[in-house]
Structures are given as structure tokens and as C-alpha cells.
Amino acid sequence: MITIALTKGRILAETLPLLDAAGIHPNEDINSSRKLVFETNEESVRLLVLRGADVTTYVRHGIADLGVAGKDMLMEYGLTDIYELLDLNIARCRLMTAAPVGQRRIDGKRQRISVASKFTNIARQFYEEKGVNVELIKLYGALELAPIVGLADEIVDVVDTGNTLTANGLEPRELIAHVSSRLIANKAALKVKYELVRHWSDKIGDAVRAQQPAAAGTDRGR
Ligand code: AMP
């Protein structure tokens, strides 16, 4: 048996066609179901549908052998006991700092700035490397609200089109990293269930290359 933990939402919508092309078909419609565990046409493959922040936890503990998670989550929560196998080249976006349009930047080297984010580990490291003094405020959603209401000077969030920032009077400032979703594996599972894990990661890799022949699977470092 192999268990694959998927990230719900935008990433799931782009993962399902890849799984389909790899020959993994859930036994019921994941999008319209409230279930969290799904059997598939393959007796040996089971799917879990989780929040992005939880996928690494399930894979790290070996409850899931494989997982699909955004690079942002891997950067934030680390790769302890996890291998990053493949860039799936889906759900591409950028991890950025953002602030109210036109707001002058406080000199963070002299004065402390407040930064709200879901990604407090990434943000801490980013500002620290720049020598900027920050107070980090952990939020779990609607980050764009924080600068508007004066909770924070800046935010660190993932940006795709930038429409959400614009709609809330914010503008992107610095690029921290390019993000796409990755196939990850539990390190022990890769040894103990080598054949099965390799078989399905190869199939998913083939599906990625079939969708995007030029770019697939080559960008493991970002
Ligand atoms: P946008 O308005 O297109 O810049 O999208 C920004 C909003 O969508 C933010 O609330 C982000 O948290 C979310 N978002 C954008 N891209 C992704 C992605 N690849 N994965 C998860 N969330 C995303």
C-alpha cells in the first residue's frame, strides 16, 4: 500500500490531472466530496487531502509515503526525513514581500518593522540576511488585511497575478523565491517501499514531462 498526501485548493486542482495521466483515478470525485481519504482504481494507492501546512507533517511521520506540497511549505517547515523528488511545475507563484502602495520603507536597520506572514521562518531568515530588524506576526490567512488596519508594516505572502495585493491597496516589493509544487517522499518509505514509491514517482514524472516537455522536473534547486 502507498499513501499520497495531496494539498487541497489550487494545488489539488492542478495535481489531479497529473495523477490522472499517471493512471491514478480516485474512486469518487474529490472536488465534490467532504471525505479526507480516497481509495483509487489502483488497489495499492490511497490519497489523503490535507491543508498545505500539514502535508509535510504527514510525510515526515511516514503516514503518507509521498506528498504534493508547495515549495513555500518545504522552505517554511524544512525537509527533515523528507526527500524532494520532483518539480511538478504546477501552481507556480512567487513568494514576496508586499506593502501599501507608495508607503515609504522604514529603515529597518535603525528601526524595527513589523511583518505579518504565514511563513514566519522564511520571513525571519529573509529579513535577517538583509540586516533588517523585524517583529514577526504569525497569521493563518487574509494577510493582506494586516497592513491596511495597521497590524503590520509589511507582509510576506505568495503572489500569482498580484490582483489580491492590488485589490487591497498593496504592492509587491521584494522577490524571496519562485514557488511551484513538488513531489516529496518519506525517506524511510523510499527504502522500505522502494519499488512502489519509485514506480509511482516515475509515472508522475512521466506525466509532468508529457504536460510540459521543455521544463519538467529540471528545477529541483529552487
Ligand atoms: P493573486 O491575486 O493571483 O496574486 O493570488 C494571490 C492569492 O492566492 C493569495 O491569497 C495567495 O495566498 C493565493 N495563491 C496564489 N498562488 C498560489 C499558489 N500557487 N498556491 C497557493 N496559494 C496561492
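Keep in mind the model is a prediction, meaning the values are calculated, not measured.

We now examine the pattern of salt bridges. Scanning the model with the defined rule gives 10 salt bridges in all. Of the charged contacts, one joins Arg10 and Asp160 as a salt bridge, the two residues approaching to 3.1 Å between their closest N and O atoms. Taken together, the positions of Arg10 in helix H1 (residues 10-21) and Asp160 in the loop between strand E9 (154-159) and helix H6 (163-167) put the pair 150 residues apart, joining distant regions of the chain. Arg10 sits in the exposed class, given a relative accessible area of 57%.

Moving on to the packing of aromatic side chains. Following the criterion strictly, the structure yields 1 aromatic pair and no others. Directly above the ring of Tyr83 sits Lys187, whose terminal nitrogen or CZ lies 5.0 Å from the centroid.

Counting buried positions along strand E6 (residues 93-100) gives 7 out of 8 residues, so the element sits mostly inside the fold. The pairing of E6 with strand E10 (residues 170-179) spans 7 bridges and is classified as antiparallel. What sits directly across from Ala98, in E10, is Pro172. Here E6 pairs with E9 via 5 bridges, running antiparallel.

It is worth spelling out the packing of H1 against helix H8 (residues 194-211) at this point. The interhelical angle for the contact between H1 and H8, taken along N-to-C directions, is 110°, at an axis separation of 8 Å. The angle between the axes of H1 and H8 places the two elements in the roughly perpendicular class. Helix-helix and strand crossings are classified by hand; for H1 and H8 the assignment is right-handed. Contacts between H1 and H8 pair Pro17, Leu18, Leu19 and Ala21 from the former with Ile204, Ala207, Val208 and Gln211 from the latter. Grouping the constituent residues of the contact of H1 with H8 by class yields 7 nonpolar, 1 polar and no charged.

Before going further, it helps to spend a moment on the domain arrangement of the protein. Under the domain assignment, the protein is made up of domain 1 (2-91 + 180-218) and domain 2 (93-178). A straight line from the C-alpha centre of domain 1 to that of domain 2 covers 29 Å. With 10 residues of domain 1 at the contact, the number on the domain 2 side is 13 residues. In this assembly, domain 1 packs against domain 2 so that about 790 Å² is buried in total across both faces, 48% of it on carbon and sulfur atoms. In terms of surface lost to domain 2, no three residues of domain 1 exceed Asp72, Met75 and Glu76, which account for 61% of the buried area on that side. Along the contact surface separating domain 1 from domain 2 lie 1 salt bridge. At the junction of domain 1 with domain 2, the criterion picks out 5 residue pairs in polar contact (both at pLDDT 80 or more). The greatest single-element share of the side of domain 1 that touches domain 2, amounting to 6 residues, is contributed by helix H3 (residues 71-77). Classifying every residue of the side of domain 1 that touches domain 2 by side-chain character gives 4 nonpolar, 1 polar and 5 charged.

Moving on to the sheet that holds strand E5 (residues 82-87). Overall, mixed pairing links the 6 strands, which are arranged E2-E3-E1-E4-E11-E5 in an open sheet. Where the open sheet ends on each side, the last strands, each with one partner, are strand E2 (37-39) and E5. Across this sheet, the average inter-strand angle for adjacent strands is 25°, counted without regard to direction. Two elements, strand E1 (residues 2-7) and strand E4 (residues 66-70), share 2 bridges in a ladder whose sense is parallel. Residue pairing across strands places Ile4 opposite Leu66, the latter belonging to E4. This element, helix H2 (residues 52-60), spans E1, strand E3 (45-50), E4, E5 and strand E11 (181-186) of the sheet and lies at about 25° to E11.

Quick look at unusual backbone geometry now. A positive phi angle, close to 50°, is found at Ala91, a residue other than glycine. Positionally, Ala91 belongs in the loop between E5 and E6. Residues other than glycine seldom take positive phi values, yet Ala142 does so here, at roughly 45°. Residue Ala142 is classed as exposed on the basis of its relative accessible area, which comes to 57%.

Reading the values: the criteria
- Residues numbered from 1 in each chain as written.
- Predicted model: local features only at pLDDT ≥ 70, side-chain atom pairs only at ≥ 80, totals over all residues.
- Heavy atoms only, no water.
- Salt bridge = Lys/Arg side-chain N within 4 Å of Asp/Glu carboxyl O.
- Helix = DSSP H or I, 4+ residues; strand = E, 2+ residues; numbered from the N terminus.
- Buried < 20%, exposed > 50% of the residue type's maximum accessible area, 1.4 Å probe, protein only.
- Phe/Tyr/Trp six-rings, centres within 6.5 Å; stacked < 30°, edge-to-face > 60°.
- Lys NZ or Arg CZ within 6 Å of the ring centre and 35° of its normal.
- Pairing = 2+ DSSP bridges.
- Axes fitted to C-alpha atoms, helices over the stretch in contact; angles between N-to-C directions.
- Parallel < 35°, antiparallel > 145°, perpendicular 65-115°, else oblique.
- Left-handed = near helix turned anticlockwise from the far one by under 90°.
- Contact = heavy atoms within 4.5 Å.
- Nonpolar A, V, L, I, M, F, W, Y, C, P; charged D, E, K, R; others polar.
- Domains from an automatic or database assignment.
- Buried area = accessible area lost by both parts, 1.4 Å probe.
- Polar contact = N/O pair within 3.5 Å; in protein donor to acceptor, adjacent residues only side chain to side chain.

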